[in-house]
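# Remarks on the overall topology
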Amino acid sequence: MAELKIDAVVFDVLGTLVDEPAGLRAGLRALAPPSDTPSPGAGGPGAGAAPGTAGAAGRAGKADGAESAGPGTERLLLLWQRHIEREQRRVLDGDRPFLPSDLLDREAAGVVAEAAGVEDPAAVEALARSARRLPPWPDTVAGLARIGGGLPLIGLSNASRTALLQLNAHAGLRWHQALSAEDARTYKPDPAVYRLAVTGSGAPPERLLMVAAHAWDLRGAQALGLRTAYVARPVGDPPTAADRFDLHARDLTDLAEQLGLS
């Protein structure tokens, strides 16, 4: 698309570049191996929408690891996701002070451990840290290298500074700049988070391309004037008929080709 003039590409991380549910499932299986009885309080699918999303149940998806995870693991995963989504929404709504994602992860781990009947503090801490050990999607590392060969890459994540550093190291993500919502003391889709990329790049919003697997994230970026690219992932939040994003890509290889990057 010749009219898409871009100075830098801004990537969401969780769900877009790494398979968040797969990493959490691994932590949950280590926490409560495998009786896989339903955990109390986890409820059914569809409740507890993330900021701007259709809910945790859709984000859990059927990505790698879901088939080997039993029903107890899946209920605990939903319990974790709903806690994070609810508490981030409370921050956005001004109902609680900002807390960085690694501390929300500790809260979620405590909630899940209680539901699973686990009291060992070391096990709870290990579960919290599993949120930083998330596998990349198969196309992520090569796709970032290809796109980064032609354009500056900016990571823009709701993950805290500490969590983002460890996520990047574990998944092999390579950036020219990595920005955390912690620096704005709020969460996406608050405009303040997207402004971090505008300020950090020194480019006007319309010269930045926001890439995400979550339509709610792209809508937030679009509202500030960024260009947008949706990348399909099994755990993402797909666009609705009303969404008008600049690009739609099957994966990062497809995105690189649409950007004319070899």
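Preceding block: the structure.
Residues numbered from 1 in each chain as written. Predicted model: local features only at pLDDT ≥ 70, side-chain atom pairs only at ≥ 80, totals over all residues. Heavy atoms only, no water.

### Quick notes on the packing of helix α4 (residues 101-116) against helix α5 (residues 121-130)
Each pair of packed helices can be described by the angle between their axes along with the distance between the axes. Interaxial distance between α4 and α5 falls to 8 Å at its minimum, and their mutual angle equals 125 degrees. Taken together, the axis directions place α4 and α5 in an arrangement best described as oblique. As α4 packs across α5, the resulting crossing turns out to be right-handed. Within the contact between the two elements, α4 uses Asp-105, Arg-106, Ala-109, Gly-110, Val-112 and Ala-113 and α5 uses Val-124, Glu-125, Leu-127 and Ala-128. For the contact of α4 with α5, the per-class residue count stands at six nonpolar, one polar and three charged. (Axes fitted to C-alpha atoms, helices over the stretch in contact; angles between N-to-C directions. Helix = DSSP H or I, 4+ residues; strand = E, 2+ residues; numbered from the N terminus. Parallel < 35°, antiparallel > 145°, perpendicular 65-115°, else oblique. Left-handed = near helix turned anticlockwise from the far one by under 90°. Contact = heavy atoms within 4.5 Å. Nonpolar A, V, L, I, M, F, W, Y, C, P; charged D, E, K, R; others polar.)

### Remarks on the pattern of salt bridges
Charged atoms that come close allow side chains of opposite charge to pair. This model, assessed by the stated rule, comprises 17 salt bridges. Across the salt bridge formed by Arg-25 and Glu-74, the nearest N and O atoms sit 2.7 Å from each other. In this pair, Arg-25 sits in helix α1 (residues 20-31) while Glu-74 sits in helix α3 (residues 71-92), placing the two residues 49 residues apart along the sequence. By relative accessible area, Arg-25 is classed as buried at 0%. (Salt bridge = Lys/Arg side-chain N within 4 Å of Asp/Glu carboxyl O. Buried < 20%, exposed > 50% of the residue type's maximum accessible area, 1.4 Å probe, protein only.)

### Considering the pairing of strand β3 (residues 177-180)
When a strand is regular, its side chains alternate between the sheet's two faces. Where strand β2 (residues 153-157) lies against β3, four bridges are found, and the strand directions are parallel. When the sheet's bridge partners are listed, Ser-157 is paired in β3 with Ser-180. (Pairing = 2+ DSSP bridges.)

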